[in-house]
Structures are given as structure tokens and as C-alpha cells.
Amino acid sequence: MAVNPVWLLVPLLVAGGVLLWLTRRWRWEREGLENRIRRLERAEADAAAAHTRQLAALQTRQWAIFDSMIEGVLVLDAAGRIQIANQAALQLTETNTDVRGQTLLEAFRMHELSEFARRVQNDQRTQGCELEWPGLPGRSLQINGACVGADEEQRAVVLVLHDLNLARRFATDAVLL
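What counts, and at which threshold
Residues numbered from 1 in each chain as written. Predicted model: local features only at pLDDT ≥ 70, side-chain atom pairs only at ≥ 80, totals over all residues. Heavy atoms only, no water. Helix = DSSP H or I, 4+ residues; strand = E, 2+ residues; numbered from the N terminus. Rg over C-alpha atoms; globule rule 2.2 N^0.38 Å. Buried < 20%, exposed > 50% of the residue type's maximum accessible area, 1.4 Å probe, protein only. Contact = heavy atoms within 4.5 Å. Areas by Shrake-Rupley, 256 points an atom, 1.4 Å probe, with all protein chains shown as cover. Lys, Arg positive; Asp, Glu negative; His and termini not counted. Charge placed at Lys NZ, Arg CZ, Asp CG, Glu CD. Pairing = 2+ DSSP bridges. Salt bridge = Lys/Arg side-chain N within 4 Å of Asp/Glu carboxyl O. Axes fitted to C-alpha atoms, helices over the stretch in contact; angles between N-to-C directions. Patch = residues over 30% accessible without salt bridge, like charges linked within 9 Å, V, L, I, M, F, W, Y side chains within 5 Å.

Trainee: How should the overall build of the protein be read in this particular structure?
Mentor: Regarding its fold elements, the protein presents five helices and five strands. Walking the protein from its N terminus toward its C terminus, one meets helices and strands in the order α-β-β-α-α-α-β-β-β-α. Computed over the C-alpha atoms, the radius of gyration of the protein is 34 Å, more than 25% above the 16 Å expected from 2.2 N^0.38 for a compact globule of 177 residues. Each principal axis of the C-alpha atoms in the protein carries an extent, and together these give about 125 × 35 × 25 Å. The buried share of the protein, reckoned over its 177 residues, is 25%. Put simply, of all contacts in the protein between residues at least 6 apart along the chain, 37% involve residues at least 24 apart. With the model as given, the accessible surface of the protein reaches about 12600 Å², and the carbon-plus-sulfur share is 58%. Positive and negative side-chain charges in the protein, numbering 20 and 22 respectively, have mean positions lying 12 Å apart.

Encoded structure:
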């Protein structure tokens, strides 16, 4: 019995149709996944931008707080370089330049202050001292220092400068009242 050649084409046509359908389905799924990836990438970029804006607003508020303080604040990184110096610190030391990125010795030319910060960092405990500020007769500063961070590579030193002359004037004024 001879097989009609048309019947031989039917399985090939069915296989071709299935293959075409599978190819289109794969393409639709791929396009759907690509669209989903693009949406997720946009959402991630939007979230990152929102986070950046929030971080900038938080830093602005922190700077406003630091700059409105009466006490001077200096934050040193693990290498002893000044990362933060608020307005009060610059005023108490009568410094007119940006000291960020400098060591205490470079910024203020005061060995006692540099040694105090090194001692705070090495001992890893809160300490205090009083210093007469050179070039400013009668300017006494009380300096408190604390070491922040357990990891040696990220250990920071926070120095808080108090004007003892101002504190003494407040105490005298309070007694007179």
C-alpha cells in the first residue's frame, strides 16, 4: 500500500505550526520579562533618587544643628584628619579657613591638642583637658574627647570644645543676679 505524499506533509505542517507557536510564545514571554525588568529598574532608580534626597535633607538638618551649637565640635577620622568642624569650633579657635581634610596640627598648630586626640583614640575612652589657646590671650578651652567605633580602620574621635571664659562669665552673672 502506497502512502499518499500529502499525508507526509501533515506532520511537518503540524510540527512547523507548533514550532511557530512556541517561538511566538517565547517572544511574548521575553518581551513581558524585559518590560518587567525595565519597570523594576525605573522603580529602583526612583527609590535611589528618593533616598539620596532624604539623605541630603538629613545632612542639611545635621549641619544646621552642628552650626547652631555653642560648643565647638571637631570630628576626626581614623587617620586623624578633620572630617567635621562646626562654626563654633572655628570661632573658638579664631580660624577663618576650611580645616576639613587637615590634621589638628596642620589646622591649629597646637601639639597639645593633637596629642590629646591621639591619646583619646589610643585609649578608646572619654577624656577631658583644659588648654590655653595660643595667640588668644586669656582664652581657655575645655576639651572633651571620645572615641567612636570599634573597628580600628573606622574609629573616629569626637572633640567638643567649651569656652571656659564664657562659662565663667555665665557663672559670675548668675551669682550677681
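Trainee: What's the story with the pairing of strand 2 (residues 82–85) in this structure? I'm lost.
Mentor: Along any regular strand, the residues point their side chains to alternate faces of the sheet. In this structure, strand 1 (residues 72–76) lies alongside strand 2, joined through three bridges in antiparallel fashion. Of the residues in strand 2, the one forming a bridge with Val-75 is Ile-84. Adjacent in sequence and paired antiparallel, strand 1 and strand 2 are bridged by five residues, among which Gly-80 carries a positive phi angle near 85 degrees.

Trainee: Is there a simple way to explain the pattern of salt bridges in this structure?
Mentor: A side chain of one charge can pair with a side chain of the opposite charge when the charged atoms of the two come close. For the structure on display, the rule yields five salt bridges. Among the salt bridges present, the one from Glu-34 reaches Arg-30, with a minimum N-O distance of 3.6 Å. Of this pair, Glu-34 and Arg-30 both sit in helix 1 (residues 5–68), four residues apart, which is roughly one turn of the helix. On the basis of relative accessibility, which here comes to 33%, the residue Glu-34 falls in the partly exposed class. On the basis of relative accessible area, Arg-30 is assigned to the partly exposed category, the value being 32%. Where Glu-115 meets Arg-118, a salt bridge forms, and the shortest distance between an N and an O atom there is 2.3 Å. With Glu-115 and Arg-118 both in helix 4 (residues 111–123) and three residues apart, the pair spans about one turn of that helix. With a relative accessible area of 41%, Arg-118 lands in the partly exposed category.

Trainee: It is not clear to me how the sheet that holds strand 3 (residues 127–132) should be interpreted in this structure. Could you clarify?
Mentor: Sheet strands pair by backbone hydrogen bonding; their relative direction is either parallel or antiparallel. Read from one edge of the open sheet, five strands run 2-1-5-4-3, paired in antiparallel fashion. Two strands lie at the open edges of the sheet, namely strand 2 and strand 3, each paired on one side alone. With strand direction ignored, the average angle separating the axes of adjacent strands in the sheet is 20 degrees.

Trainee: Looking at this structure, how should I read a nonpolar patch on the surface?
Mentor: Residues Trp-7, Val-10, Val-14, Val-18, Trp-21 and Leu-22 make up a contiguous nonpolar surface patch of about 610 Å² in total accessible area. You can see Trp-7 is positioned in helix 1. On the basis of relative accessible area, Trp-7 is assigned to the exposed category, the value being 60%.

Trainee: What's the story with a positive patch on the surface in this structure? I'm lost.
Mentor: A grouping of Arg-36, Arg-38, Arg-39 and Arg-42 is seen on the molecular surface, where their side chains present a positively charged patch. Looking at where Arg-39 falls in the secondary structure, it is placed in helix 1.

Function cannot be read off these values alone, since they describe shape.
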